[in-house]
Amino acid sequence: MAAVDALIRKHMDSPVPVIPALADHLIAGSAKRLRPLLTVAAARLAGARDDACLKLAAAVEFIHTATLLHDDVVDSSELRRGRVAAHLIWGAPSSVLVGDFLFARAFELMVGAGSMPALEILARASRVIAEGEVLQLTRAHDLDLSQELYLEIIGAKTAELFAAAAEVGAVSAGASPERCQALRTYGQDLGLAFQLVDDALDYSGDAGTLGKNAGDDFREGKATLPLLLAMQRTHGEREFWIRTIDRRDQTDADFDRARELMRETRALDDTLKLAADYARTAKAALAEFGATPWRPALEDLADFAVARRA
């Protein structure tokens, strides 16, 4: 991972000063580096002994960071990774364009890795992520969003990059198609678990541990699973949800009221239960691999995804 970080630093460089400054503001934050870590760990699990996966891991982090820069502009977010969102410092146009720069760097790294299958996987992931973000945008504030469509959205906007990160690690190691698919399945279910926990933490966490403002999803009117479950289970509160989510006519007390309704209806508990189910199926996908130190490491990563509080 130190080598991956060195590649990230090297490819953040640009003669245009605002680009490395803005990129560093986000990348040097309290990033977990889960996605590039997943690429390296998947490669090692699949038997890699060389560093062919490192450029792909750095590319994965650049894709992820680019999407965060774009998302924060779209969502008007104020905090990211415990810092003021980049668009509030440098402006939305600079944030969007530096996001584009990071996408371009990601593709340069992919080409440098010399693997056409890996390039295809990450290019497809970039498209699917964009489709997921647009789908979420078109269904924003939809009080009748189904759980199935919600899972389709987070499968595209979040889990797809986890899946691709794991799959390209296996591809870089020359793994069999069966093992590549097993690691893709692992990454997909890990990503679903990760996003479900994120959605629950938005209502149960606080800014000090989250690195972003708690309640952002509520204030933006995002239809996440905790919200959908609470709305389904509180028919008498329909007007409250229409006012706060559909019309986004909110008072300071509304977020606390929403959290209370989620606790009463066990919406948060059931969201976390579903996340734990996905973590279990992610670990089950690793049955394709025998006894190796990397298998329990990836199983631990799945457990971390649901146990974390930030």
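Scroll up to find the structure.
Before going into details, it helps to say that this report is about the structure given with it. The residue numbering used here restarts from 1 in each chain and proceeds along that chain's sequence as written. Reporting in this predicted model follows two pLDDT cut-offs: at least 70 for local features of residues, and 80 or more for side-chain atom pairs to be given and counted; totals over whole chains, interfaces and linings ignore these cut-offs and use all residues. Each side-chain value is worked out from all heavy atoms of the structure, with water and hydrogens disregarded.

**Some thoughts on unusual backbone geometry**
Applicable threshold: Numbering goes from the N terminus for both helices and strands, where a helix is a DSSP run of H or I of at least four residues and a strand is a run of E of at least two.
Here the phi dihedral of His141 falls at roughly 65 degrees; this positive angle occurs in a residue that is not glycine. Examined against the element boundaries, His141 turns out to sit in the loop between helix H7 (116-138) and helix H8 (147-172). One non-glycine residue, Arg248, adopts positive backbone phi at about 50 degrees. Among the secondary structure elements, Arg248 is positioned in the loop between helix H13 (238-246) and helix H14 (254-265).

**Some words on the environment of Ser204**
Operational definition: Any pair of residues with heavy atoms lying within 4.5 Å of one another is described as a contacting pair.
With respect to the secondary-structure elements, Ser204 resides in helix H9 (residues 177-204). A sequence separation of 18 residues divides Ser204 from Lys222, and the C-alpha atoms of the two residues are 16 Å apart. Leave out the neighbours within four places in its chain, and Ser204 touches Arg259 and Leu268.

**Some remarks on the pattern of salt bridges**
Note the cut-off: Take a side-chain nitrogen of Lys or Arg and a carboxyl oxygen of Asp or Glu: if they are within 4 Å of each other, that pair is a salt bridge. Accessible area is worked out with a 1.4 Å probe on protein chains only. A residue is then buried under 20% of its type maximum, exposed over 50%, and partly exposed in between.
Under the criterion given, the structure shown has 25 salt bridges. Residues Asp144 and Arg238 are paired through a salt bridge, measuring 3.7 Å at the closest nitrogen-oxygen approach. Of this pair, Asp144 sits in the loop between H7 and H8 while Arg238 sits in helix H13, placing them 94 residues apart in sequence. Classification of Asp144 by relative accessible area gives exposed; the value is 59%. Across the salt bridge formed by Asp256 and Arg259, the nearest N and O atoms sit 3.5 Å from each other. Linking Asp256 with Arg259, this pair stays in helix H14, spanning three residues, or about one helical turn. Salt bridges here are not isolated pairs; linked through shared partners, they connect Arg124, Glu160, Glu167 and Arg184.

**Overview of the packing of aromatic side chains**
To keep things clear, this is the line we draw: Pairing of aromatic rings covers Phe, Tyr and Trp, the last counted by its six-membered ring, and requires centre-to-centre distances within 6.5 Å; plane angles under 30 degrees mean stacked, over 60 mean edge-to-face, and any other angle means tilted.
Throughout the structure, instances matching the rule amount to five aromatic pairs. Residues Tyr203 and Phe218 carry aromatic rings whose centres are separated by 6.4 Å and whose planes lie at 75 degrees to one another, so their mutual orientation is edge-to-face. One end of the pair, Tyr203, is in helix H9; the other, Phe218, is in helix H11 (residues 216-220), with 15 residues separating them in the sequence. You'll find Tyr203 and Phe218 in the same group, each marked buried. Relative to Phe255, the ring of Phe218 lies with its centre 5.8 Å away and its plane at 45 degrees, an arrangement referred to as tilted. With Phe218 in helix H11 and Phe255 in helix H14, the pair connects residues that are 37 residues apart, well separated along the chain.

**Digging into the packing of helix H2 (residues 18-27) against helix H6 (residues 92-113)**
Operational definition: Orientation is described by lines fitted to C-alpha atoms, with helices fitted over the stretch in contact, and by angles between N-to-C directions that extend from 0 to 180 degrees. For classification, angles of less than 35 degrees are called roughly parallel, those exceeding 145 degrees roughly antiparallel, those between 65 and 115 degrees roughly perpendicular, and all remaining angles oblique. In the scheme used here, Gly and all other residues not listed as nonpolar or charged are polar, with Ala, Val, Leu, Ile, Met, Phe, Trp, Tyr, Cys and Pro taken as nonpolar and Asp, Glu, Lys and Arg as charged.
H6 packs onto H2 with a crossing angle of 90 degrees between their chain directions and a minimal axis gap of 10 Å. Between H2 and H6, the interaxial angle falls into the category roughly perpendicular. Of the residues in H6, those in contact with Ile19, Leu22 and Ala23 of H2 are Ser94, Ser95, Val98, Phe101 and Leu102. In terms of residue class, the contact of H2 with H6 is made up of six nonpolar, two polar and no charged.

**Here we look at a nonpolar patch on the surface**
Rule in force here: What makes a patch is a set of residues exposed beyond 30% relative accessible area and free of salt bridges, joined within 9 Å when like-charged and within 5 Å when nonpolar (Val, Leu, Ile, Met, Phe, Trp, Tyr). Accessible surface area values rest on a Shrake-Rupley calculation with a 1.4 Å probe, where residue burial reflects the displayed protein chains alone.
A grouping of Val84, Leu88 and Ile89 is seen on the molecular surface, where their side chains present a nonpolar patch of about 260 Å² in accessible area. Within the element layout of this structure, Leu88 appears in helix H5 (residues 86-90).

**A look at the nonpolar core**
Nonpolar side chains in soluble globular proteins generally cluster together in the buried interior. Stated precisely, the cut-off is as follows: Throughout this description, the term nonpolar core refers to a set of buried Ala, Val, Leu, Ile, Met, Phe, Trp, Tyr and Cys residues connected via side-chain atoms within 4.5 Å.
Counting 102 residues, the largest nonpolar core has Leu38, Leu122, Leu183, Tyr186, Trp241 and Leu298 as the members making the most contacts within it. The residues contacting Leu298, other than those within four sequence positions of it, are Leu38, Ala41, Leu45, Leu183, Tyr186 and Leu286.

**What to know about the packing of helix H12 (residues 225-232) against helix H15 (residues 267-284)**
Stated formally: The crossing is said to be left-handed when, going from far helix to near helix, the turn is anticlockwise and less than a right angle, and right-handed when the turn is clockwise.
Two elements in contact, H12 and H15, have axes separated by 8 Å at closest approach and are oriented at 130 degrees. With respect to their mutual orientation, H12 and H15 come out oblique. Relative to H15, H12 is oriented so that their crossing is right-handed. Each of Leu225, Pro226, Leu229 and Ala230 in H12 lies in contact with H15, whose residues at this interface are Ala267, Leu268, Asp270, Thr271 and Leu274. A class-by-class count of the residues in the contact of H12 with H15 yields seven nonpolar, one polar and one charged.

**Concerning the state of the cysteines**
Stated precisely, the cut-off is as follows: Cysteine sulfur atoms are paired as a disulfide whenever they come within 2.5 Å of each other.
Going through the model one piece at a time under the given rule, you end up with zero disulfides. Here Cys53 is not cross-linked by a disulfide; its sulfur's nearest cysteine counterpart is in Cys180, at 13 Å. You can call Cys180 buried: its relative accessible area is 9%.

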